[in-house]
Amino acid sequence: MASEDVKTSESAVSKIVNLAEEAKLAKEEIKPTKYQVYSVCKSLIAGGVAGGVSRTAVAPLERLKILLQVQNPHNIKYNGTVQGLKYIWRTEGFRGLFKGNGTNCARIVPNSAVKFFSYEQASKGILYLYQQQTGNDDAQLTPLLRLGAGACAGIIAMSATYPMDMVRGRLTVQTENSPCQYRGISHALSTVLREEGFRGLYKGWLPSVIGVIPYVGLNFAVYGSLKDWLIKSKPFGLVEDNELGIVTRLACGAAAGTVGQTVAYPLDVIRRRMQMVGWNNASSIVAGDGRNKAPP
């Protein structure tokens with residue numbers, strides 16, 4: 001009887017120990033989820049701050065670019081980079097250089113969040129289909145499939161925040177002499193929705209979607225090709241131990257972005273001009289002044 005009691009107690013102790021270990025393992029499995037959430041939040045905040053700083057730094061050039069894209073060709077006010085920046089400074093002052101930048105910065109965090117989530121989901125979906133097609137459960141995403149996932153994420157994120165980009169374009173274009181002023185993001189969104197309907201918030205969406213494909217594709221392709229060429233040829237001592245330095249990687253990224261932006265730029269011009277169509281009391285920049293006044 002004593003031996004049976006000992007065995008029973010040992011069995012009970014063993015069960016308790018096993019339950020404690022399982023609880024500990026379950027607790028440890030929960031921790032990575034918390035860390036992942038923290039990591040995602042940290043990435044979004046860091047990306048939002050970095051994006052806001054970078055966009056603010058180039059805001060004058062970004063505003064001038066939009067003004068050049070949409071101005072009335074029969075009533076030219078902005079003619080080149082230097083002249084255009086001087087004209088904005090003379091007519092609107094320092095604040096004029098940064099008009100519309102607040103909307104652009106406010107768009108960064110939700111855009112980054114949607115893009116991050118969309119890329120994860122698109123990658124999982126594409127990987128699942130790829131594994132089903134190949135019959136290999138251990139298959140991984142190829143660079144081309146990652147490119148497709150990135151393009152999907154870019155299109156979804158751009159579509160989700162497109163109304164903010166649309167009103168940002170109009171806020172950027174209007175001047176102090178515009179017949180009707182949008183007072184801010186909320187006022188612009190509500191005014192466009194009331195006067196032009198829901199579709200008005202997505203004017204120019206299609207050229208934006210089409211432009212994402214060559215822009216993202218060429219970014220990846222040019223960057224990868226430059227990186228491979230530099231590692232193989234090793235010119236000017238830029239490569240050490242088959243690794244590119246930070247400055248070299250930045251230069252490759254800049255070159256890739258330039259090529260992608262140049263090829264997709266005509267679609268960007270079309271998008272901006274389509275965003276101005278239907279704007280009641282459009283800015284004098286778009287409609288023109290005096291005898292040269294024309295509907296956008």
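Structure: above.
The paragraphs below set out a description of the structure included in this document. (Residues numbered from 1 in each chain as written. Predicted model: local features only at pLDDT ≥ 70, side-chain atom pairs only at ≥ 80, totals over all residues. Heavy atoms only, no water.)

Bringing the overall build of the protein into the picture now. Within the protein one finds 11 helices and two strands. Sequence-ordered secondary structure for the protein, helices as α and strands as β, is α-α-α-α-α-α-α-α-α-β-β-α-α. Counting the 296 residues in the protein, one finds 35% classified as buried. When contacts within the protein are restricted to residue pairs at least 6 apart in sequence, long-range pairs at least 24 apart make up 72% of them. Summing over all exposed atoms, the protein offers an accessible surface of approximately 18,100 Å²; the carbon and sulfur share of this is 63%. (Helix = DSSP H or I, 4+ residues; strand = E, 2+ residues; numbered from the N terminus. Buried < 20%, exposed > 50% of the residue type's maximum accessible area, 1.4 Å probe, protein only. Contact = heavy atoms within 4.5 Å. Areas by Shrake-Rupley, 256 points an atom, 1.4 Å probe, with all protein chains shown as cover.)

What follows covers the packing of aromatic side chains. Under the definition given, this model contains six aromatic pairs. With a centroid separation of 5.1 Å and an interplanar angle of 50°, the aromatic rings of Phe 94 and Phe 98 are classed as tilted. On the accessibility criterion, Phe 94 (52% relative accessible area) is exposed. Judged by centre distance (5.8 Å) and plane angle (15°), the ring pair of Tyr 162 and Tyr 202 falls under stacked. Of this pair, Tyr 162 sits in helix H7 (residues 162-173) while Tyr 202 sits in the loop between helix H8 (185-196) and helix H9 (205-233), placing them 40 residues apart in sequence. Aromatic rings pair up to connect Trp 89, Phe 94 and Phe 98 into one cluster. (Phe/Tyr/Trp six-rings, centres within 6.5 Å; stacked < 30°, edge-to-face > 60°.)

Our next topic: helix H5 (residues 108-134). For H5, built from 27 residues, the straight-helix expectation of 39 Å at 1.5 Å per residue is met to within 8% by its first-to-last C-alpha distance of 38 Å. Those residues of H5 that fall on the buried side of the exposure criterion are Ile 108, Asn 111, Ser 118, Ala 122, Ser 123 and Gln 131. Looking one or two residues beyond H5, the residue adopting positive phi is Gly 135, at roughly 75°. (Expected span 1.5 Å × (residues − 1).)

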